[in-house]
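Report on the structure
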Number of protein chains: 2
Amino acid sequence: MELRLSERVRRPDFQGDFLKMILRVAAAGNLVSFAGGLPNPVSFPVQELAEATRSVLSRNGERALQYNNPQGYEPLRQLIADRYAKKGLAVTTDDILITNGSQQALEMIAATLIDEGDAIVVERPCYLAALQAFHLFNPVVRTVELTPEGASPEELQTILERDRPKFFYTVPDFQNPTGLTYSEGVRRRIAQAILRSDTLLVEDNPYEELRFKGEASLSFHKLLGEQCVLTGSFSKIVSPGIRLGWIVCTCKPLWEELLGYKQRVDLHTSVFGQMVLDEYLRNNDLESHIAKIRDLYRHQAEVMLDALQRHFPEEASWTRPEGGMFIWATLPAGLAAVRLAEEAAKEGVMIAAGDPFYESDRNVPTFRLNYTNSSDEVIEKGIAVLGRIIRRMMAESGRVGA
Amino acid sequence: MELRLSERVRRPDFQGDFLKMILRVAAAGNLVSFAGGLPNPVSFPVQELAEATRSVLSRNGERALQYNNPQGYEPLRQLIADRYAKKGLAVTTDDILITNGSQQALEMIAATLIDEGDAIVVERPCYLAALQAFHLFNPVVRTVELTPEGASPEELQTILERDRPKFFYTVPDFQNPTGLTYSEGVRRRIAQAILRSDTLLVEDNPYEELRFKGEASLSFHKLLGEQCVLTGSFSKIVSPGIRLGWIVCTCKPLWEELLGYKQRVDLHTSVFGQMVLDEYLRNNDLESHIAKIRDLYRHQAEVMLDALQRHFPEEASWTRPEGGMFIWATLPAGLAAVRLAEEAAKEGVMIAAGDPFYESDRNVPTFRLNYTNSSDEVIEKGIAVLGRIIRRMMAESGRVGA
């Protein structure tokens, strides 16, 4: 039999191939890994979730194990809406849709908006799994350069006018992969440009609450209302393994389509997981739990920044995140991060080379470092190894540094 | 702002609109419902799942709450493969992919195979949520009449030759909506036709183990090997709310594409849910649990069949399932089931009129009755109400019966 796959899956998947390669090398085991984006497991409320499960099943077992509605468990949606209300966002229970992690949220948004050949805009660089999800629908992907203040409003404005994209996808707080955060000024200028256009802004905000420095940001949703679709996740503040994220969409017709799509693709998200999480949130102080994670990640970020200062050559540079999970480093001119990644893997240190975070740039000098899932000692050791290899690469390429 | 939705979601969704209507009426509450396909909650192993969760989180909490791989938790995949092996199917752990219920399995299979305009074949009538998932990819849907012995091999053969469909979707055991089961002879003739073609057979088998009469069926997978993609679910034997299903695909290149697609749409299925279920399955006797469900459903089916015999006019007919959850009834000629559904809803009895189970037939005389989620008394009362309304409809249309 001849296997006849859909064009959808036959299209090249650069981001996916790159990820698979990383996973294959990682499977070799016993590595220093700065490549992934894993939360630190010491932050998982294991005991509390066990207690929440016992309580849900003893009081409400039938409901937790039966089919449920596609929009999600109402008390959990209410709880999410209430947390936004406390931050001053006009969001109600009816605006929330529960998803299997925020990856599904991105796929659902793309599915309801993108026809083949439609333009969308993303940051350059962009979260790679978002690119993967969007590419399923074969859009024309435009990119806007990400500066330390955020995406360039001028470049975005030009694209909005020229290409009339379906949406602009952004991670405005502690962006993945760069760790950068949009300034309030840039947010306001981008919001003005969006409001003059027919383009939605997709605000992906999984790291928002992991701010360990500076002041809380102004949400695009506050500036844009129903022209902003907001996504969030419990992955970084409670557990990624339980796969619970959400969409906030105050544009009712779009919310209805997202709901219809969700029902078609998997009926609904595990109500067992939703009720366990809801019970946990009601019986524990989430804010003090998040505060502990923030303290931990602040410390780990400082340890990595300090190690970078000591081990990396001065020709290299890197971002100094105010929250989230990532530092974005840039090699001295002329060096490629894929090469660094290969050499480092041989010495047991994994990094995420920048290439798959770009729609089309290749052999870039940038790479992503995750600091949340390594001990102080591992961070020190791994950054030292990377520093040594970079100096060697510089020497080989005829530069100074060794 | 003008909302510009994708064509995908703007296409009419007859099945979805119908479902929404049913759900709206059901929300009115306090009804006799034969409309859904809910397992009986007395069959949910509530205490056992609570104990499994406690055990998983105390021994292996970090793993249960961290990110995992897209194919699913390996011990659970192994367990599924072992159960197939016991039934004589050549299936290994590596052939299994865990999904968010078998609805996601159907969507994933459709996504990896269907390009717009491709032909697929389904049974007439067909499981409505499968039609909904397939329509996302805009195929040309051919249908094969379902007889009491299964889909017509001759009709299928003609379509295979003429349209070269990407796949034939079938629920061969206790089909949804009809409750019918393919005979071994029809299975063998269909398998022969498939083997001569470039068409895959998708064997959707969520009810397989709920056989309460007769002998176990011959799986299409046994006859077709890698030309058969098999889907299964824990929804009907443990819990639907936990959303755990699977795909068996021994065609490696297709398995790889399914895996890549799964990763793009939601990274992976809740590993918390997977590990809890795995732990439950290892510490409890699933076969005796299923035997209890079978006994319960056998009894409920008998109660409903008996009530039909007493309350329905002799001009009506219905199937006599050997397992599963549904009876498929046919009204006397000239009467439409949508009309019966409307009248019955007014008296608090819900049925699923046949229309949304057909790709294009409308105002059909057939409807689906679910017997698994109602007490003996409710079944008796509901069928009596339906019988009365049918006789009234017959009288109004000038037929006998009242």
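Structural notes, computed from the coordinates. What you are looking at is a predicted structure, and each value in this text was computed from that prediction instead of being measured. (Residues numbered from 1 in each chain as written. Chains lettered and ligands numbered in written order. Predicted model: local features only at pLDDT ≥ 70, side-chain atom pairs only at ≥ 80, totals over all residues. Heavy atoms only, no water.)

**Examining the interface of chain A and chain B**
Here is the rule we go by: In this analysis, two residues are considered to be in contact whenever any of their non-hydrogen atoms come within 4.5 Å of each other. Reported buried area values correspond to the accessible surface (1.4 Å probe) lost by two parts on association, with both partners' losses combined. Put simply, a salt bridge is a Lys or Arg side-chain nitrogen that is within 4 Å of an Asp or Glu carboxyl oxygen. By the criterion applied in these results, polar contacts are pairs of N or O atoms within 3.5 Å in which, for protein atoms, one can donate a hydrogen and the other can accept it, and in which residues neighboring in sequence qualify only through two side-chain atoms. Helical segments are the DSSP runs of H or I of at least four residues, strand segments are the runs of E of at least two, and each set is numbered from the N terminus. Polar here means any residue other than Ala, Val, Leu, Ile, Met, Phe, Trp, Tyr, Cys and Pro, which are nonpolar, and Asp, Glu, Lys and Arg, which are charged; Gly is therefore polar.
Between chain A and chain B, the contact holds 74 residues from the first and 74 residues from the second. Of the roughly 6,800 Å² buried where chain A meets chain B, counting both sides, 58% is carbon and sulfur surface. The largest share of the area that chain A buries against chain B comes from A:Arg4, A:Leu65 and A:Arg264, three residues that together contribute 14% of it. Here chain A and chain B share six salt bridges between them. The salt bridge partner of B:Glu2 is A:Arg164, with a shortest N-O separation of 2.9 Å. Along the contact surface separating chain A from chain B lie 44 residue pairs in polar contact (both at pLDDT 80 or more). Elements supplying a minimum of two residues to the side of chain A that touches chain B: helix H1 (7-10), helix H3 (46-65), helix H5 (101-113), helix H6 (128-135), helix H10 (252-266) and helix H11 (271-283) of chain A. In terms of residues, the side of chain A that touches chain B owes the most to one element, H3(A), which gives nine residues. Across the side of chain A that touches chain B, the residue classes break down as 36 nonpolar, 21 polar and 17 charged.

**Here's the deal with the sheet that holds strand S4 (residues 140-147) of chain B**
All names here are of chain B. What counts is decided by this rule: Here, strands pair whenever DSSP counts at least two bridges between them. Simply put, an axis is a line fit to the C-alpha atoms, just over the touching stretch for a helix, and the angle between two N-to-C directions goes from 0 to 180 degrees.
Taken together, eight strands build an open sheet; the order of strands is S2-S9-S8-S7-S6-S3-S4-S5 and the sheet is mixed. The open sheet has two edge strands, strand S2 (96-99) and strand S5 (150-151), and neither has a second partner. With six bridges joining them, strand S3 (residues 119-124) and S4 adopt parallel strand pairing. Considered in S4, the bridge of Glu-123 is made with Val-144. With respect to the sheet, helix H4 (residues 74-86) is in contact with S2, strand S8 (228-233) and strand S9 (245-248), its orientation differing from that of S2 by roughly 120°.

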